[in-house]
Amino acid sequence: MLDNAVTDTFERYQTLTQEKGALRAVDAAKELGISEAELVEAKQVLGAAKRLRRDDTRGFAELLEGLVGLGEVMCLTRNEHAVHERYGEFDNVNIGKIMGLVLNRTIDLRLFMQRWATGFVIEEEVASGLRVSLQFFDKFGVAVHKIYPTELTDRAGFDNLVADWVDLDPAKIEPKTPPAPDFDRPDSEIEVVQMRADWEKMTDVHQFIGLLNTHKVGRMQAFRLIGEDMCYQVPTDGITWALEKAAETQVPIMVFIGNKGCIQIHTGEVKNIKPMGPWINVLDEKFHMHLRQDKVAHAWIVRKPSKDGIVTSLEAFDEDGNNFCMLFGERGEGNAELESWRSILNGLGKLS
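These numbers come from a predicted model, not from an experiment.

(A) Representation of the overall build of the protein chain. Within the protein chain, the secondary structure is distributed over 10 helices and 18 strands. The C-alpha radius of gyration computed for the protein chain amounts to 21 Å, which stays within 12% of the reference 20 Å derived for 352 residues, consistent with globular compactness. Oriented by its inertia axes, the alpha-carbon framework of the protein chain measures out at about 60 × 45 × 45 Å. In the protein chain, which comprises 352 residues, the proportion classed as buried is 49%.

Okay, structure coming up:
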């Protein structure tokens, strides 16, 4: 039996679509003043959405592990300013209670499982026909990851897997209120000399988050303080410029886009770069990216030491200091960074 509040939300959603036409779920939810998870929950009224069980011990880990061997799917991870869509297969899946990894070249994910609070299977009629998806949300009702079967998916296996995870008696979602954003400590409180020493001692780029936590310093704050030989700002259109240069010169890159629940990575060449209004898009056969170029308030080139030499990233931040996209040159463990990637970044002039 659906809660009256859920039915009311669905009726408001119907009125909204009648007035404004089809909207992306995240945009419709914003218009209604609710979370995206609550909007999806409301679609249960027509049977278009069904809740998925969340195991008390392993969350949705077993469901994700069940995708191995079912063929191609499309994985979508987004944040407020960027969307990452990648076609491929689940393989090399290792998911614990806190962290999870999918380490396939086509589907490459870093999963922060404690952030995954609710899940749904959704069936919707779109222009191309019936579209099915698995959608997962955090405790604030914000989408963390979505998975879509394709024509190359083992649909019988996929449907059987999902059917086993449908929650027959779901409780109503009660999203938490997001906390107020954290503010950086004053620069004067940061031990810059020691931070610089620790930065130079890094042997793996994954140690960087630990460095930020140890010194209680914000990401962009660390970039400002560390020294221009390691970090410097470039023009805000640098992301678009670098993508276009990588496509033009066929330099394989890595594109990281994520949120607090999931980071999704594309590795390989990008070819079809298309600006559309404020969006810069990659529209390749198995990889799509959509990024709001107008939301890039700061762009940084960042150089981190590793046992294989310096690893260089190009990172985009919005006006609130949120990091929403990172680009690297393609690099495997034990290999030095591509000189062709460094050459691209050297073409971006420092901001004065």
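The structure having been displayed, the exposition proceeds.
(B) Up close: the packing of helix α6 (residues 192-200) against helix α7 (residues 208-215). With their axes 11 Å apart at the nearest point, α6 and α7 run at an angle of 165° to one another. Relative to α7, the element α6 is oriented roughly antiparallel. Along this stretch, α6 crosses α7, giving a crossing that reads as right-handed. Contact residues: Q194, M195, D198 and W199 in α6; F208, L211 and H215 in α7.

(C) Representation of the packing of aromatic side chains within the structure. Taken as a whole, this structure holds eight aromatic pairs when the rule is applied. When the ring of F208 is compared with that of F223, the centres are 6.1 Å apart and the planes differ by 20°; the resulting orientation is stacked. Of this pair, F208 sits in helix α7 while F223 is found in helix α8 (residues 219-226), placing the two residues 15 residues apart along the sequence. Among the aromatic residues, those joined into a cluster by ring pairs are W199, F208, F223, W300 and F317. Looking at R53, its charged tip hangs above the ring of W165, at a distance of 4.3 Å from the centre. Sitting over the face of the ring of Y232, K350 holds its NZ or CZ atom 4.8 Å from the ring centroid.

(D) Quick look at the sheet that holds strand β7 (residues 118-126). Read from one edge of the open sheet, nine strands run β1-β7-β8-β9-β2-β3-β15-β14-β13, paired in antiparallel fashion. If you trace the sheet from one side to the other, it starts and ends with β1 (49-51) and β13 (273-276), each paired once. Ignoring which end each strand starts from, the neighbouring axes of this sheet average 20° apart. One ladder, built from seven bridges, connects strand β2 (residues 71-78) with strand β3 (residues 82-89); its direction is antiparallel. Opposite R78, over in β3, you have V83 as the bridge partner.

(E) Structural detail: the environment of F324. Tracing the backbone through its elements, the reader meets F324 in strand β18 (residues 323-329). Look at F324 and you get buried, because its relative accessible area is 3%. Setting aside residues up to four positions removed in sequence, F324 forms contacts with N79, H81, A82, I257, L291, R292, K295, V296, A316, F317 and D318.

(F) Spotlight on helix α5 (residues 155-163). Of all the residues in α5, the buried ones are F158, L161 and V162. Take α5 and look down its axis: the buried residues cluster within an arc of 95°, on one side only. In α5, the exposed residues that point more than 90 degrees away from the buried face are N160 and A163. Where α5 is buried, its residues contact α4 (61-65), β7, β8 (129-137) and β9 (143-153).

(G) Up close: the packing of α7 against α8. It is the contact of α7 with α8, at a shortest axis distance of 10 Å, that shows an interaxial angle of 90°. With respect to α8, the element α7 is oriented roughly perpendicular. In this structure, α7 uses F208, I209 and L212 to contact α8, whose residues at the interface are R219, A222 and F223. Residues that form the contact of α7 with α8 fall into these classes: five nonpolar, no polar and one charged.

(H) Structural context of the nonpolar core. L243, I253, V270, M289, L291, L314 and L327 are the most contacted members of the largest nonpolar core, which totals 31 residues. Among the elements that make up this core, the one with the highest residue count is helix α9 (residues 238-249) (five residues). Those residues in contact with L291 that lie beyond four places of it in its chain are H81, A82, I239, P278, W279, I280, V296, F324 and C325. Counting 29 residues, the second-largest nonpolar core is a separate cluster that includes V73, F90, V102 and V132.

(I) Summary view of a positive patch on the surface. Taken together, the side chains of R115, K139, K176 and K260 present a region of like positive charge at the surface. Of note, R115 is situated in the loop between β6 (108-112) and β7.

(J) How the structure looks around unusual backbone geometry. Phi at N92 takes a positive value of approximately 50°, unusual for a residue other than glycine. Note that N92 resides in the loop between β3 and β4 (93-95).

What counts and what doesn't
Residues numbered from 1 in each chain as written. Predicted model: local features only at pLDDT ≥ 70, side-chain atom pairs only at ≥ 80, totals over all residues. Heavy atoms only, no water. Helix = DSSP H or I, 4+ residues; strand = E, 2+ residues; numbered from the N terminus. Rg over C-alpha atoms; globule rule 2.2 N^0.38 Å. Buried < 20%, exposed > 50% of the residue type's maximum accessible area, 1.4 Å probe, protein only. Axes fitted to C-alpha atoms, helices over the stretch in contact; angles between N-to-C directions. Parallel < 35°, antiparallel > 145°, perpendicular 65-115°, else oblique. Left-handed = near helix turned anticlockwise from the far one by under 90°. Contact = heavy atoms within 4.5 Å. Phe/Tyr/Trp six-rings, centres within 6.5 Å; stacked < 30°, edge-to-face > 60°. Lys NZ or Arg CZ within 6 Å of the ring centre and 35° of its normal. Pairing = 2+ DSSP bridges. Arc of directions from axis to C-beta. Nonpolar A, V, L, I, M, F, W, Y, C, P; charged D, E, K, R; others polar. Core = buried A, V, L, I, M, F, W, Y, C linked by side-chain atoms within 4.5 Å. Patch = residues over 30% accessible without salt bridge, like charges linked within 9 Å, V, L, I, M, F, W, Y side chains within 5 Å. Areas by Shrake-Rupley, 256 points an atom, 1.4 Å probe, with all protein chains shown as cover. Salt bridge = Lys/Arg side-chain N within 4 Å of Asp/Glu carboxyl O. Lys, Arg positive; Asp, Glu negative; His and termini not counted. Charge placed at Lys NZ, Arg CZ, Asp CG, Glu CD.

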